[in-house]
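# Tertiary structure, described
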Amino acid sequence: MGITTAVADRKGKECRELSRDNSVKTNSKSRKGRRRQKKMLPIQRLFDTCKEVFAESGTNIIPYAQDIQRLRAVLDGMRPVDLGLNPDMPYFQTPVTQQYPTITYLHLSECDKFSMGIFCLPPSGVISLHDHPGMTVFSKLLFGTMHIKSYDWAVHDPNTSAANSSHTVPPGVRLAKVKVDSNFTAPCETSILYPSEGGNMHRFTAVTACAVLDVLGPPYSDPDGRHCTYYHDYPFAKFSVAGVAVPEEERGKYAWLEEREKPEELAVVGARYTGPMFVED
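Notes on the structure follow. Everything quoted here is computed from the prediction, not taken from an experiment.

With that out of the way, let us pick up the overall build of the chain. Across its full length, the chain carries four helices and 12 strands. Sorting the 281 residues of the chain into buried and exposed places 42% on the buried side. A separation of at least 24 residues holds for 82% of the contacts in the chain among residues at least 6 apart in sequence. As displayed, the chain has an accessible area near 15600 Å², and 51% of this comes from carbon and sulfur atoms.

And the structure:
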């Protein structure tokens, strides 16, 4: 699994001795290339990096560790101004008459390898608990404070073990372990989740108005089996299962997740991205 890291490496070009004149020309081109790199817009750098890192993306395919860190570094450097965002924009306001805050999604790019987009959440906006099947996901909080609660499936899940046939857990309910349950305030490091770890199921709750830049590799795709599933979460004590015991002091680290339909209170609308543009080629 993984991604090749550089076009030059893939082609396997051999080093050749150059004349002094050619070296001068090459160095001059390199300096020009460095100047162009410095002038590259952050959003263009992000797109180009995603294209390289997810070049061989697919279900359950995780990029190489060095590529993950490279993309994370690019995202860590992203600022709201790089995307034309600020907290005073209408996306981050909620009318007093509205019961559930509307979340706005700004589409940046999507192909069969990866997708890029921005979630704009008003105060108290909630992206309900959901999963990312077979995906590697990068989430960069651009501004604001957000509470994130995330889970991974417990290793000894009674619903995936034939040895535990005597339990009172309803169908569609599985045991999960809490990965994260904390507030995050920008600026902070980009969070990363993986197909089977890192908090693959998560819920975002906006403490203040906030914006989250999301990169998914690969993106959701029903035909490819990457369907978004939503969940209720229940305390561990909600169900009793034969053979499953957790010490009292650790019960807060586990929960039962039950599949559900898309929540009615989850209102997400799309809007046109109006920030700095980039070239998709």
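Its 12 residues give helix α3 (residues 42–53) an end-to-end C-alpha distance of 16 Å, which sits within 8% of 16 Å, the value for a rise of 1.5 Å per residue. Regarding α3, the residues found buried are I43, Q44, L46, F47, T49, C50 and V53. Elements in contact with the buried residues of α3: α4 (65–76), β1 (103–110), β2 (115–121) and β9 (210–217).

The next point concerns the sheet that holds strand β7 (residues 191–193). The six strands are arranged β7-β4-β9-β2-β1-β12 in an open sheet whose pairing can be described as mixed. Taken across any chain shown, the strands that pair with only one partner, and hence form the sheet edges, are β7 and β12 (268–271). Geometrically, the sheet is characterised by an average inter-axis angle of 25° between neighbouring strands, direction not taken into account. Here β1 pairs with β2 via six bridges, running antiparallel. Across the sheet, L106 pairs through a bridge with I118, a residue of β2. Packing against the sheet, α3 makes contact with β1, β2 and β9, and its axis sits at approximately 130° to β2. Here α4 sits on the sheet in contact with β4 (136–143), β7 and β9, set at roughly 20° to β4.

All told, the structure shown has seven salt bridges when counted by the stated rule. With a shortest N-O distance of 3.9 Å, D181 and K149 are connected by a salt bridge. Remark: K149 occurs in strand β5 (residues 145–153) and D181 occurs in strand β6 (residues 173–185); sequence separation between them is 32 residues. One salt bridge connects D233 with R203, and the closest N-O pair in it is separated by 3.1 Å. Taken together, the residues D233 in strand β10 (residues 230–235) and R203 in strand β8 (residues 201–206) connect sequence positions 30 residues apart. Exposure remark for D233: the relative accessible area of 24% places this residue in the partly exposed category. Among the charged side chains, a salt-bridge network with shared partners connects E52, D67 and R70.

Rules used throughout
- Residues numbered from 1 in each chain as written.
- Predicted model: local features only at pLDDT ≥ 70, side-chain atom pairs only at ≥ 80, totals over all residues.
- Heavy atoms only, no water.
- Helix = DSSP H or I, 4+ residues; strand = E, 2+ residues; numbered from the N terminus.
- Buried < 20%, exposed > 50% of the residue type's maximum accessible area, 1.4 Å probe, protein only.
- Contact = heavy atoms within 4.5 Å.
- Areas by Shrake-Rupley, 256 points an atom, 1.4 Å probe, with all protein chains shown as cover.
- Expected span 1.5 Å × (residues − 1).
- Pairing = 2+ DSSP bridges.
- Axes fitted to C-alpha atoms, helices over the stretch in contact; angles between N-to-C directions.
- Salt bridge = Lys/Arg side-chain N within 4 Å of Asp/Glu carboxyl O.

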